[in-house]
Amino acid sequence: MRLETDRVALIATGVGAVTPAMTEPPPARPPVSATLQLEFAARHDDGSARTILAGSHQEPPLKVVRAFSLEDGSALAHLHNVSGGVLGGDRLFLRVSVGAAASVQLTTTGATRIYRPRAGEQESVQTTEIDVEDGGLLEYLPDAVIPFAGARFSQRTRVRLAPGAGLFWWEIVAPGREARGEVFAYDRVELRTDLHAGGALIAAERVRLEPRRAPVRAIGRLGDFRTWATFYICRVGAAASDWISLEEELRSLFGLLQQRDSALWSVSTLPEHGLAVRCAAKNGRDIVAGLHEIWRTAKWRLYERAAIAPRKVN
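Here is a short report on the structure shown in this document. (Residues numbered from 1 in each chain as written. Predicted model: local features only at pLDDT ≥ 70, side-chain atom pairs only at ≥ 80, totals over all residues. Heavy atoms only, no water.)

## A short note on the pairing of strand β15 (residues 200-209)
Where strand β14 (residues 188-197) lies against β15, nine bridges are found, and the strand directions are antiparallel. Its bridge partner being in β15, Val189 is matched across the sheet by Leu209. (Pairing = 2+ DSSP bridges. Helix = DSSP H or I, 4+ residues; strand = E, 2+ residues; numbered from the N terminus.)

## Some details on helix α4 (residues 284-303)
Taking 1.5 Å per residue as the helical rise, α4 with its 20 residues ought to reach 28 Å, and the 28 Å between its terminal C-alpha atoms agrees with that figure. Within the sequence span of α4, burial applies to Asp286, Ile287, Gly290, Leu291, His292, Ile294, Trp295, Thr297, Ala298, Lys299, Leu302 and Tyr303. Just downstream of α4, Glu304 is the residue with a positive phi angle, here 50°. (Expected span 1.5 Å × (residues − 1). Buried < 20%, exposed > 50% of the residue type's maximum accessible area, 1.4 Å probe, protein only.)

## Focus on the environment of Ile114
Structurally, Ile114 is set in strand β8 (residues 112-114). Dropping the residues within four chain positions of it, Ile114 is found in contact with Val86, Ser124, Val145, Ile146, Pro147, Phe148, Ala151 and Phe153. (Contact = heavy atoms within 4.5 Å.)

## Things to note about the side chain of Glu182
Position of Glu182 relative to the elements: it lies in the loop between β13 (166-173) and β14. Here the side chain of Glu182 touches Ala149 through a polar contact of 3.1 Å, landing on its backbone nitrogen. Within the structure, the side chain of Glu182 is placed 2.7 Å from the side chain of Arg177, a separation counted as a polar contact. Among all residues touching Glu182, those that are not within four sequence positions of it are Phe148, Ala149, Pro175, Gly176 and Arg177. (Polar contact = N/O pair within 3.5 Å; in protein donor to acceptor, adjacent residues only side chain to side chain.)

## A closer look at the pairing of strand β9 (residues 124-132)
When you tally the buried positions in β9, you get seven out of nine residues, the bulk of the element. Examined bridge by bridge, strand β6 (residues 91-98) and β9 share eight bridges and lie parallel to one another. Paired with Arg91 across the two strands is Val125, which belongs to β9.

## Re the pattern of salt bridges
One side chain can pair with another of opposite charge once the charged atoms of both are near each other. By the definition in use, this model includes 19 salt bridges. When the shortest N-O distance is used, the salt bridge between Lys299 and Glu139 registers 3.0 Å. In this pair, Lys299 is assigned in helix α4 and Glu139 in strand β10 (residues 137-140), connecting sequence segments 160 residues apart. Each member of the pair, Lys299 together with Glu139, is buried. The shortest N-O distance in the salt bridge between Arg301 and Glu249 comes to 2.4 Å. Highlighted residues: Arg301 in helix α4 and Glu249 in helix α3 (residues 240-257), separated in sequence by 52 residues. We classify Glu249 as partly exposed; its relative accessible area is 31%. (Salt bridge = Lys/Arg side-chain N within 4 Å of Asp/Glu carboxyl O.)

The structure is reproduced here in structure tokens:
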């Protein structure tokens, strides 16, 4: 009798009965496959050198509106994903070519959000291929990757540096939407990175996190820390003594950064042509501030040029 009364009350207020169709999850959408290809070239006008976006191929939802000229002649481009994030089943490809003597800075317009797939959708995959030609420089400085609860994401990156080429490339992985209590609630995050310099493989990284199978907070993984980052610093052809000296300088810098007791930093020399920096932090803000300090120090040491923080656009 009570149930029937409630049903009559719902109908009287204009609320119909809930049907099975209303409670079923929406059907899986067709997967999206999109490519963003960018080609940068150096130009010499009126005796000054500057880099331009010489060519591009863009498929939605990936987009670059334009390249901005920085004070030192570098080109700054913002990578947009107009769908708001990486959706289940997406296959996204980024190909970047930095021409000889060109100087390029790439950043994102915000964090890369990885959404959980709907029923029947596969994991999302993002593939990045980067080529930097003789004497070129790429600074790839994206915001953090944020895997949402239930997300399944695979990222594959391959970088090739020609003789004299340089690279500042970092990657930040957040634990999830912390404000919503989604900490390590994603299903799987897999990262594969291959870094080639002067025709040789100098770094190969394989990371696979599955919090439900192997808790990320366990001792021997992240422990009390939540956000982590990797920063590759390379210049092909620099002397081995230069890397040893830079490593020592960064270790001294880490002493200041780690006084906050909320982040751990480490640095190691690659077999040749570069360094790898790693960080685990309790707060993502500490990682971002530290990466900028390391970037400024390393760029001045290797290029005697200031690191120009990328402007953000919406």
